[in-house]
Amino acid sequence: MRYVSPHRHATVQDHVALVEIELTGELMIAAAAATEDRLSPDRIDEVLDVDGDEVEVTESVRPWPGAARRF
């Protein structure tokens, strides 16, 4: 007998993943509209609506393993 894992309910959403998808889309749009080969770090900060200042990392907000750290 094969075990089939249960499916998630259709209304379950991963809110973090949805935000990451939205931000990735914004970066893709900016990159497609850019005249240069790469987006500068300042332009990326502008697109993502963040300032380039140092960010305090708390226990509840940690970058994923292997992520490039900019701070």
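Everything discussed here concerns the structure shown above.
Overview of the structure. Note that this is a predicted model, so its numbers are computed, not measured.

### A closer look at the overall build of the chain
In terms of regular secondary structure, the chain is built from two helices and zero strands. In the chain, which comprises 71 residues, the proportion classed as buried is 7%. A total accessible area of about 7,000 Å² is found for the chain, and carbon and sulfur atoms account for 55% of it.

### Considerations on unusual backbone geometry
Even without glycine at this site, Asp-49 takes up a positive phi of about 60°. With respect to the element layout, Asp-49 can be found in the segment after helix H2 (41–47).

### Some words on the pattern of salt bridges
Where side chains of opposite charge bring their charged atoms close, a pairing between them can arise. As enumerated under the stated definition, the model contains one salt bridge in all. The closest approach of N and O atoms between Glu-46 and Arg-43, which form a salt bridge, is 3.1 Å. Taken together, the residues span about one helical turn, with Glu-46 and Arg-43 both in helix H2 at a distance of three residues. By relative accessible area, which is 54% here, Glu-46 ends up exposed.

### Focus on helix H1 (residues 15–33)
The end-to-end C-alpha distance of H1, which contains 19 residues, comes to 27 Å, matching closely the 27 Å that a straight helix rising 1.5 Å per residue would cover. Near the N-terminus of H1, the side chain that reaches the backbone nitrogen of Val-16, with its oxygen 3.2 Å away, is that of Asp-14.

What counts and what doesn't
By convention here, each chain's residues receive numbers from 1 onward along its written sequence. Residues qualify for local features only when their pLDDT is at least 70, as the model is predicted, and side-chain atom pairs are given and counted only at 80 or more; totals for whole chains, interfaces and linings, by contrast, use all residues. Side-chain metrics in this entry use all non-hydrogen atoms of the structure; hydrogen atoms and water are not considered. Numbering goes from the N terminus for both helices and strands, where a helix is a DSSP run of H or I of at least four residues and a strand is a run of E of at least two. Each residue is assigned to one of three classes by its accessible area relative to the maximum for its type, calculated with a 1.4 Å probe on protein chains only: buried under 20%, partly exposed between the two thresholds, exposed over 50%. Only the protein chains shown count as cover for residues, and all accessible areas are computed by the Shrake-Rupley method using a 1.4 Å probe. What makes a salt bridge here is a side-chain nitrogen of Lys or Arg within 4 Å of a carboxyl oxygen of Asp or Glu, nothing more. One less than the number of residues in a helix, times 1.5 Å, gives the span that helix is expected to have. We define a polar contact as two N or O atoms separated by no more than 3.5 Å, with the added condition that, inside protein, one atom must be a possible hydrogen donor and the other a possible acceptor, whereas residues neighbouring each other in sequence contribute only through side-chain atom pairs.

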